[in-house]
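Structural description and commentary
Residues per chain are reported as follows:
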Amino acid sequence: MPKFIITGGQPLKGEIKVSGAKNSALKILPAALLTEEPVTIANLPEIEDVRRSIELLTGLGAQVNLISPSSCVIEAKNIKKFELNPELAKKFRASIMFVAPLLARLGEVKFPHPGGCIIGAGERPIDLFLEGFSALGAEIKINGGFYHLKARQLKGAEYFFTTISVTGTEAMIMAAALAKGKTTLKNCAMEPEIATLAEHLNACGAKIKGAGTPTVCVEGVNKLSGGKFTVMPDRIETGTFAILAAAARAPLTITKCLPAQIESLLAIFKKIGIAYQAGSDWLKVLPAKKIKSYNIKTHEYPGFPTDLQAAFTVLMTQASGVSMIHETIYDRRLIYADMLTQMGANIIMCDSHRLVVNGPSRLHGKRLTSPDLRAGIAMIIAALIARGETEIDNAYQIDRGYENICERLNKLGADIKRAD
Ligand code: EPU
């Protein structure tokens, strides 16, 4: 299994460019199934989850022409297959994003429970999706580990999300775009990726209002046209690199990013003594002499993102004082804490949602396994600031969401090798 070998303690400096947003690309690709006409997508991140999505698209009969490694044209004129390749679908959670477009376009879809990071209690649930599609009139059967959904014509409805869900909101927007009549979605997630998905669909002829706010109204249309979409910069990558700069006390400039989308992190930087300069599409983090401890609680956008929680914990191991890290979105997203403890951090796990970090600590290299994508990148940050060598097994989990991570970090002065 591929792994990363990192020799820590190298001085880092320079510029790093942010890739296209994983969690936008993974919705825009399947959304191309909503139309028979070509959709051109640019600034795709070159990551494993995008490759798997393209494999799912071609498996369904869509034509995907790669113009460059980061752009493609998708033409989904001849989609006849309504069954997702189970091996691929089980590899990543975002395979669930194919369900709504197939159901809306073909009236039928069959798929297994989606896979991906293990960051919930057992498998991450899809009950909200099933409930939402059922509200739009889909008939649902579950048999032999497969979900089979049918609806000759989805019908607009009102649906209230009892738990705020990013992909749930996006799936319902896609399904409602081709449903008959009006759909009102309440208590929706407000992540920027949702607003850009709706803007793209509107440019293709959909009638969606309110995306990016808690209430989204969709007036169904008969058909969508093709279009062009440029994936926005990845806000989680931006935040991750900013945390790396702060933890490594390295002067890093992060380019091709949107600092306005990580306000929750930058507001904390001001309070803990990390100076930065920001423009509309760049961010420069300056080395701090002393970092103060701080308590965080993850929250839906625009609050502190769960996807930056693990990296922030690493930063707090370098801060003076006691910090509480409170994960509110997922049940099992703190299991990496044990690995940081093995590296020398002083962390007490209070329960499955809260941990206390007592800093600062000198970290030292260890042999670790990446449990999930975001914990994996946090382990890389810890390894980069630690003394000695760290091995991180299960590199695939990190490659799923971070493009060419070794090459990009090595350009800053890091010493990371990939090995089998
Ligand atoms: N939930 C349910 N039922 C459902 C769906 C979700 O109970 O049917 C629960 C989840 O278990 C969780 C909460 O709702 O406790 C919120 O999860 P949400 O549905 O918002 O998460 P998601 O849409 O599956 C997306 C991102 C995640 C990110 C979360 C939260 C994508 C592909 N994934 O997941 O990204 O952590 O929103 O912001 O957009 C990552 O990039 O590493 C990642 C995990």
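Along each chain, the written sequence defines residue order, and numbers are assigned to residues from 1. Reporting in this predicted model follows two pLDDT cut-offs: at least 70 for local features of residues, and 80 or more for side-chain atom pairs to be given and counted; totals over whole chains, interfaces and linings ignore these cut-offs and use all residues. Each side-chain value is worked out from all heavy atoms of the structure, with water and hydrogens disregarded.

Under an unreviewed UniProt entry, the name given to the protein chain is UDP-N-acetylglucosamine 1-carboxyvinyltransferase. UniProt positions are given in the numbering used here, feature names are shortened, and annotations may be inferred rather than shown by experiment. Annotation of the protein chain in UniProt includes, under Catalytic activity (unreviewed entry), the sentence "phosphoenolpyruvate + UDP-N-acetyl-alpha-D-glucosamine = UDP-N-acetyl-3-O-(1-carboxyvinyl)-alpha-D-glucosamine + phosphate".

Here's the deal with the sheet that holds strand E11 (residues 207-209)
In a beta sheet, neighbouring strands are held together by backbone hydrogen bonds and run either parallel or antiparallel to one another. A strand pair is defined by DSSP finding two or more bridges across the two strands. A run of H or I in DSSP counts as a helix once it spans at least four residues, and a run of E counts as a strand once it spans at least two, with each numbered from the N terminus. Across the sheet, which stays open at both edges, the four strands sit in the order E9-E10-E12-E11 with mixed pairing between neighbours. If you trace the sheet from one side to the other, it starts and ends with strand E9 (158-160) and E11, each paired once. Pairs of neighbouring strands in the sheet enclose a mean axial angle of 15°, with direction left out of account. When strand E10 (residues 182-186) meets strand E12 (residues 216-219), the two strands line up antiparallel, connected through four bridges. Looking at the pairing, Leu185 lines up with Val216 of E12. Angular values range over 0 to 180 degrees, each being the angle between N-to-C directions of two axes fitted as lines to C-alpha atoms, with helices fitted over their stretch in contact.

Here we look at the pattern of salt bridges
Just to be clear on terms, a salt bridge is a Lys or Arg side-chain nitrogen sitting within 4 Å of an Asp or Glu carboxyl oxygen. A full pass over the atoms with the stated rule returns 16 salt bridges. Taking the shortest distance from any N to any O, the salt bridge between Glu237 and Arg408 comes out at 2.7 Å. Placement of the pair is Glu237 in helix H8 (residues 235-248) and Arg408 in helix H14 (residues 405-410), with a sequence separation of 171 residues. Assigned by exposure class, Glu237 and Arg408 land together as buried. Across the pair Lys417 and Asp415 runs a salt bridge whose closest N-O atoms are separated by 3.6 Å. If you follow the salt bridges from partner to partner, you end up with Lys3, Arg367, Glu391 and Asp393 in one network. Whether a residue is buried, partly exposed or exposed follows from its accessible area with a 1.4 Å probe, protein chains only, as a fraction of its type maximum: under 20%, in between, or over 50%, in that order.

Some thoughts on the site of the ligand
The criterion for a residue being near a molecule or strand is simple. One of its heavy atoms has to lie within 4 Å of it. The local shell around the ligand holds 23 residues, among which Asp127, Ser165, Thr167, Asp307 and Ile329 are the closest. As used in this structure description, the phrase polar contact means that two N or O atoms lie within 3.5 Å; if the pair is within protein, one of them must be able to donate a hydrogen and the other to accept it, and residues adjacent in sequence are counted only when both atoms belong to side chains. In the model, an oxygen atom of the ligand is placed 3.1 Å from a nitrogen or oxygen of the Asn23 side chain. A distance of 2.7 Å separates an oxygen atom of the ligand from a polar side-chain atom of Arg374. Starting from 830 Å² of accessible surface for the ligand in isolation, the protein chains cover 89%. At the level of secondary structure, the elements contributing two or more residues to the shell around the ligand comprise helix H1 (22-31), helix H5 (127-135), helix H6 (166-177) and helix H12 (373-385). Just so you know, the domain bounds were taken from an automatic or database domain assignment. Mapping the shell around the ligand onto the domain boundaries places at least three of its residues in each of domain 1 (3-18 + 233-419) and domain 2 (22-230). Only the protein chains shown count as covering a residue, and every accessible area follows the Shrake-Rupley method with a 1.4 Å probe.

Quick look at the UniProt feature "binding site: phosphoenolpyruvate" (unreviewed entry) in the protein chain
Look at the UniProt record and you will see "binding site: phosphoenolpyruvate" (unreviewed entry) annotated at Lys22 and Asn23. Relative to the assigned elements, Lys22 resides in helix H1. Any pair of residues with heavy atoms lying within 4.5 Å of one another is described as a contacting pair. Contact partners of Lys22, with chain neighbours within four places excluded, come to Pro45, Ile47, Asp49, Asp234, Leu373, Arg374, Arg400 and Gly401. Of note, Asn23 is situated in helix H1.

A look at the nonpolar core
Phe111, Phe133 and Leu201 are the most contacted members of the largest nonpolar core, which has 79 residues in total. Take this core: its biggest share by element is seven residues, from H6. Beyond its immediate stretch of four places on either side in the chain, Phe133 contacts Val99, Ala100, Leu103, Ala138, Leu149, Ala171, Met172 and Ala175. Membership of the second largest hydrophobic core comes to 73 residues, among which are Phe304, Ile377, Ile398 and Cys406. For this analysis, a nonpolar core means a set of buried residues of the types Ala, Val, Leu, Ile, Met, Phe, Trp, Tyr and Cys, connected via side-chain atoms within 4.5 Å.

Description of the sheet that holds strand E18 (residues 321-326)
Taking strand neighbours across the sheet as the criterion, the four strands line up as E17-E18-E20-E19 in an open arrangement whose pairing is mixed. At either end of the open sheet lies a strand with only one pairing partner, and these are strand E17 (296-297) and strand E19 (347-351). Summarising the sheet, E17 and E18 pair through two bridges and their orientation is parallel. Paired with Lys297 across the two strands is His326, which belongs to E18. The strands that helix H10 (residues 309-316) touches are E17, E18, E19 and strand E20 (354-359); relative to E18, the one it contacts most, it runs at about 170°.

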